[in-house]
Amino acid sequence: MRAFDLIVRFPGGGPLIGGAAVTPPGFHASHARLRDREPNDGKPGDDEPYEGKPYLPATALRGALRESFEALLRGTGEHRACAGGDGIDPEPGDPDAGAAAGAARACTLGGDGTPCLACRLFGTQRASIGCTERAFSGLVLGDAALVGSHRWTARPSVALARASRSAADQQLVFRRIPEATGDGPLTFRAEGRVNEASLEPYFDAAARATTHLGAGRSRGLARVKVAVEWHDAPPASKPPALPASSGDVRIRVTLRAPALIGASIIDANYRETRHEIPGAAVRGAIGFALRALVPDADRDPATQDLLDAERGARFGFLYPAGPMRDERKDRISGPMPITATWCKGDPWNHGVRDTLFDRLALLHAASAAEAERVARPAAMPCPRCDRPMRTAHRSRLASAPVETRTIVRVAMDRARQSARDGQLFSQVLLAPGTVLEGTIRGIPTHSRSRLAQALGSGIVSFGRGPSAGWGQACIDIESARPLPSIADRAAAFDRALRDRLQAAGLTSDRIGRLVPVTLWSPLWPSDPDRDPTDAEDGARELCAAVGAAGCYLAARRFARDGAWDQRTGKMSTFRATAAGGVFVLELAQATWRDVVPRLEALERDGVGQRRDQGFGQVLCFDPHFRISSQNG
Amino acid sequence: MAGAALDPKQIADRVTRAVAAAGATPWLVGYDANAIQELITASGRPISMRGASEAIRAFDDEVNKDELSIFGGGGRGVVLARSRDEAERQQDALVDRYRAVTRGGVVATCAVPLERGGHAEAQSIRWLRHRLELAKDAALPPAGELPDAKQSECAYCRAYRGSRPRKRDEQIELVCAQCDAMLDRGRLEGRDPGDRFGEMSQSIADIATEGWLAVVSADGNNLGALFEALGSLVELAVVSSVIAASFRDAHERAIAPIPEAKRVTLMTGGDDVRAFLPPGEVLRYVPALVETLESEAARHVRATGGLLSKDVNDRLGKLGIGIGAVIAHVYYPASRLVEYAHQLEDSAKAACRRHDWRSGFDFAVVTTEDTMVGRPVRSTDRAALRPLAPCTEPWQAALRSADALSRIPSAQLTVLAAAPTADGEATFASTKDGARPEDAEGGELGNLLRYQVARSEAWRAWYDACGVDWRDPRAVFARRPTRDALELARLLGFQERSR
């Protein structure tokens, strides 16, 4: 594995690569830009909501490099190469040559059933990874950032009507492109690495052979000189260290590049990211990093035990957090309970108010008059602006909406040098700078160094598109501190419930017997034989774990969840009870004091299936109910 | 004929009879469909979206046939039961029937005793409302078989397993049981006697103008407070019916000029309106909707006579609407567009609250992917146009200005952003902090603009339409087109093109 910087210079003209740009009024195309600052407020003159610097998307870079490399390979007369990973050699001789786009198959043009060199370096169209391979693509290459200064210019062009020897009607086109301002050419720099030493010369060759990048070649745009600057030092430089020799760890992930975390339901051409990173994706990211870092990871006990489904670590979901570190050691990274509400008008600035105690009080009301006494405070509008409250959809540690940006990608048909029919995709990505937090629990002692090695390596990337540099992140590690004891939380909960009921003139013999359980992550109920269409939400399993007679209140939603096994290429789907759900269990005779060990075990072990991937993590007597119910 | 069928006194009589028939220990049973818009827009196909809307309408109609029904519409309603046991049976029956009609949809139900005397009836209604909110979070999950592979996903909604073959563009595709049933129902709707199927666009793309379509989402203003103020079941039934009828009539009248094959109306029950329209129709549809709604509400209020309390009458008489419209390419999934139109509707409603408008309208023309990221950002600057108050003088002025702006050749608008600007140089097109340049006349850029204005009749007409003297060098720069104005001109341009 060797790292490099790819230097892309535009000696004349500039680039025109679309897909990530606001096109101002009057323009017809604009080069891709980063989103450097907040959208403006629409004041006169601020006609452009996002005025960021130009950049070169990694996907466009890879496409151009690959195209040149494929041509080189075919030119040697010794290698066969498919077109863009479709597995079909466009040269005469391949029975599928000239096949319509979309007839893709796994590439085997490299001989002995292996992919061609272009596919080994740039990736191929396939759903699973070979058992001896370390990654889908030998090359990891991120977006190229601008080096130095630039200016935006308008490039007009007009189509001529040959018959009248004048400009064609309605064919005046303005393109917005960046140009260099200084003496030197417009220059961009991208970071990357090649995972196999044998592929390094090929990558060098691809870079040297690449002469054009992007659109507008016939208009003097897109001409480039590409150079590779290899780094001698290996990319892994951070010394591995976990904060303690035992115990759970909390990781804080700051995205350095955009990330696309696969959602369970996606439209054919509009793919949205999840706003959280599932435990399965965390586990997968660490597994892939270790595969690249450890020579024989498949036989390394420390690696295998770390990732083992039964006795391995439990990789929790990572949820969005604020850019400023929350210094509370016992902070909870997870979604708000769905009982939490916020202002409809200004949700992020007018506070959060929880309604669990209101709901419990309302369930205790036995008459309309009692319900009226309960309902009045429960139906309170926002104390800051008097607007109605609605369910708060947010992560507990987040202070602003998760920032995303949408890019458009098009698959090119190399034979025709044009976009493939029906191959235009919008992808919604988590923006660089997004911070997410979560925990890894139950780490086997002898695997701690392996986990530290992966987390400190700098090559862990989350979600899809790692070969385009997506999902790369800085990871901070600290000890996960325990919450206050269950007894303390429960006693405080009882006091708050009693106060709420008293305020409504109600009493209850259930105080002490109610156990609220919050889903910290999605829950997939255990019964493997259950009908996939049935209504089981996990309440039965929670009752069994606690020894409760029933569920007094359930506030939960459902979501389709699933996973994709990169080894087998298989997808699994299931209906999960969504994270943030709240179940208030009712003990028949006992009080919570009698079941504290069970509650501790429930918090420690979780409930349901796929706990190694973070599912089924729960919290009893969530402190949130007490704290935020006072905010109103 | 719109609005002819509603007779508040008849409704009051029906409710009185229902209460009498419910006996001495009556219970109130409430229902409210969960995730109704997701259910309707899941397929993204006009026919099955229409089918889903009709399925919900059929469910409500069935509820309304019951002699103990108080009101049913828009996937929510209230019925009476004679006892607790009967209330529980009714709840189960409602859940089962809704699930069957929608092939897996979820309705939340709850029941409370109906108390009478003094304020007890009003308190019981509020109790039911609040319990229903809890019930929504405790309802069953939606039913449907999940796919075990990407290839087996329903070709329409992608949420469930596709098992029923359907032919589309000569291709066989598998759809799930829900989409299949909604497709059948949608095709049967609107057919003339003797026809096998009704007229309906096969695809959202058929509605579009040059690939663009508009999605409208509208909702009544301050209805939560209105329903909290209701004092009796008669008021509940009358107010619910008046609102439903007012919105239905207003929408039907506003949408009538659009050919049926060029529009898709999703379920318009209660105070919700969702519709797919050609973008050129938006600026005609919106004022028509607002005008008719406001007049219909006033007409119905007059017809209620003394059935409603003064407070409720006053609130109902001031019924207004928040409208959001997103204009985008058909490439985007229908559900995403509906979701963003709903956010624009929220923005319009917030403006109504802030400016004390009766009705408001906000819109966005999606020309870049990032437009739909996050909530709509709107300026508090006085020069900002969005959101707008339809059918007011500022609305007319904005349209006049947009009309003049749309006549300026688009290539000339590049002057607003095309000036070569070094990175970091403070000009209006690229500023570090978004602040305007110090030079009130706009420096070189101001000169460019003034040059354009002086030689272009269209530019001068635009400044005239805005009431700005184009000979004033400072005013030319200071009052140049804003982003809002350009967006409105773009929207108006669709209207011009459709002509």
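The structure displayed is predicted, hence computed values, not measured ones.

Cut-offs and rules
Residues numbered from 1 in each chain as written. Chains lettered and ligands numbered in written order. Predicted model: local features only at pLDDT ≥ 70, side-chain atom pairs only at ≥ 80, totals over all residues. Helix = DSSP H or I, 4+ residues; strand = E, 2+ residues; numbered from the N terminus. Contact = placed C-beta atoms within 7 Å. Buried ≥ 20, exposed ≤ 12 C-beta atoms within 10 Å, placed from the backbone. Axes fitted to C-alpha atoms, helices over the stretch in contact; angles between N-to-C directions. Left-handed = near helix turned anticlockwise from the far one by under 90°. Nonpolar A, V, L, I, M, F, W, Y, C, P; charged D, E, K, R; others polar. Parallel < 35°, antiparallel > 145°, perpendicular 65-115°, else oblique. Expected span 1.5 Å × (residues − 1). Arc of directions from axis to C-beta. Pairing = 2+ DSSP bridges. Core = buried A, V, L, I, M, F, W, Y, C linked by C-beta atoms within 7 Å. pLDDT = per-residue confidence, 0-100. Right-handed = clockwise from strand over helix to strand, strands pointing away.

Engineer: I'd love a proper account of the overall build of chain A, names of residues and values included.
Structural biologist: A count of helices and strands for chain A gives 12 helices and 25 strands. Look at the contacts in chain A between residues 6 or more apart in sequence, and 73% of them connect residues 24 or more apart.

Engineer: Now, about the overall build of chain B: what can you tell me, with residues and values included?
Structural biologist: Across its full length, chain B holds 17 helices and 12 strands. The burial tally for chain B puts 54% of its 499 residues in the buried class. Long-range pairs, those at least 24 residues apart, make up 69% of the contacts in chain B with a sequence separation of at least 6.

Engineer: Quick one: what's the story with the packing of helix α8 (residues 233-255) of chain B against helix α9 (residues 282-303) of chain B, residue by residue and with numbers?
Structural biologist: All names here are of chain B. For the pair α8 and α9, the least separation of the axes is 8 Å and the interaxial angle reads 145°. The element α8 and its partner α9 pack so that their crossing is right-handed. On α9, the residues that touch Val242, Ala245, Ser246, Phe247, Asp249, Ala250, His251, Arg253, Ala254 and Ile255 of α8 are Tyr285, Ala288, Leu289, Thr292, Leu293, Glu296, Ala297 and His300. Class assignment of the residues belonging to the contact of α8 with α9 gives a composition of 11 nonpolar, four polar and three charged.

Engineer: Before we move on, could you go through the packing of α9(B) against helix α10 (residues 310-317) of chain B and cite the residues and values that matter?
Structural biologist: Residue and element names in this part refer to chain B. As a packed pair, α9 and α10 sit with axes 8 Å apart at the nearest point and diverge in direction by 155°. It follows from the interaxial angle that α9 and α10 lie roughly antiparallel. Listed contacts from α10 to Ala297, Ala298 and Val301 of α9 are Asn313, Leu316 and Gly317. When the residues that make up the contact of α9 with α10 are grouped by side-chain class, the tally is four nonpolar, two polar and no charged.

Engineer: Give a description of helix α4 (residues 84-102) of chain B that names residues and reports values.
Structural biologist: Residues and elements named next belong to chain B. The end-to-end C-alpha separation of α4 is 27 Å, in line with the 27 Å expected for 19 residues at 1.5 Å each. The set of residues buried in α4 consists of Ala87, Gln90, Gln91, Leu94, Tyr98 and Thr102. All buried residues of α4 lie within an arc of 105° about the axis, which places them on one face of the element. In α4, the exposed positions that point more than 90 degrees away from the buried face belong to Asp85, Asp92, Ala93 and Asp96. Contact partners of the buried residues in α4: β1 (27-33), α2 (36-41), α3 (46-65), β3 (76-81) and β4 (107-113).

Engineer: How would you summarise the sheet that holds β4(B) if you had to cite specific residues and measurements?
Structural biologist: Residues and elements named next belong to chain B. The four strands lie next to each other as β2-β3-β1-β4, forming an open sheet whose pairing is antiparallel. Strands with a single pairing partner mark the edges of an open sheet, and in this sheet they are β2 (69-73) and β4. On average, each strand axis in the sheet is inclined to that of its neighbour by 20°, with strand direction left out of account. Summarising the sheet, β1 and β4 pair through seven bridges and their orientation is antiparallel. Paired with Asp32 across the bridge in β4 is Ala108.

Engineer: Quick one: what's the story with the sheet that holds strand β24 (residues 582-586) of chain A, residue by residue and with numbers?
Structural biologist: Residue and element names in this part refer to chain A. Across the sheet, four strands lie side by side as β21-β24-β20-β25; this open sheet has antiparallel pairing. On the outer flanks of this sheet lie β21 (550-555) and β25 (618-620), each paired with one strand and no other. Ignoring strand direction, the axes of neighbouring strands in this sheet form an average angle of 25°. Where strand β20 (residues 514-519) and β25 come together, three bridges link them in antiparallel fashion. The partner of Thr518 across the bridge, within β25, is Leu619. Its contacts with the sheet place helix α11 (residues 596-605) against β20 and β25, and it is angled at close to 155° to β25.

Engineer: Explain the nonpolar core residue by residue, including any values.
Structural biologist: In terms of nonpolar packing, the biggest core is built from 202 residues, with Val515(A), Val215(B), Val216(B), Val239(B), Leu289(B), Ala325(B) and Val326(B) touching the most fellow members. Broken down by element, this core gets its largest block of residues, 14 residues, from α8(B). Setting aside residues no more than four positions away along its own chain, Val239(B) makes contact with Leu226(B), Leu230(B), Leu308(B), Val312(B) and Leu316(B). With 97 residues, the next largest nonpolar core counts Ala60(A), Phe69(A), Phe122(A) and Val282(A) among its residues.

Engineer: So what's going on with the environment of Val596(A)? Which residues, and what values?
Structural biologist: Residues and elements named next belong to chain A. With respect to the element layout, Val596 can be found in helix α11. Along the sequence, Val596 and Ala490 sit 106 residues apart, while their C-alpha atoms lie 9.7 Å from each other. Beyond its immediate chain neighbours, meaning those up to four positions away, Val596 contacts Ile486 and Ala487.

Engineer: Report on the pairing of strand β18 (residues 435-441) of chain A, specifying residues and quantitative values.
Structural biologist: Residues and elements named next belong to chain A. Burial analysis of β18 places seven of its seven residues in the buried class, which makes it a mostly covered element. When strand β11 (residues 314-315) meets β18, the two strands line up antiparallel, connected through two bridges. Its bridge partner lying in β18, Arg314 is registered against Arg441. Here strand β12 (residues 319-321) runs beside β18; their pairing, made up of three bridges, is antiparallel. By the bridge assignment, Pro320 is partnered in β18 with Leu436.

Engineer: Provide a residue-level description of the confidence of the model for chain A, including the pertinent values.
Structural biologist: All names here are of chain A. Taken residue by residue, chain A gives an average pLDDT of 85. The fraction at 70 or more is 87%. When the elements of chain A are averaged for pLDDT, strand β17 (residues 418-430) gives the smallest value, 78, and β24 the largest, 98. Scored below 50 in pLDDT, residues 37-50 shows 41 contacts in the model against residues more than four places distant or in partner chains.

Engineer: Kindly report on the pairing of strand β10 (residues 321-329) of chain B, identifying the contributing residues and their values.
Structural biologist: All names here are of chain B. For β10, the buried fraction is high: eight of the nine residues fall into the buried class. Bridge count for strand β7 (residues 212-220) against β10 is nine bridges, and the pairing is antiparallel. In the strand pairing of β10, Val216 is matched with Ala325. Here β10 runs beside strand β11 (residues 360-365); their pairing, made up of six bridges, is parallel. Note that in β11 the partner of Ile323 across the bridge is Phe361. Between the parallel elements β10 and β11, the chain passes through helix α11 (residues 334-355) in a crossover that is left-handed.

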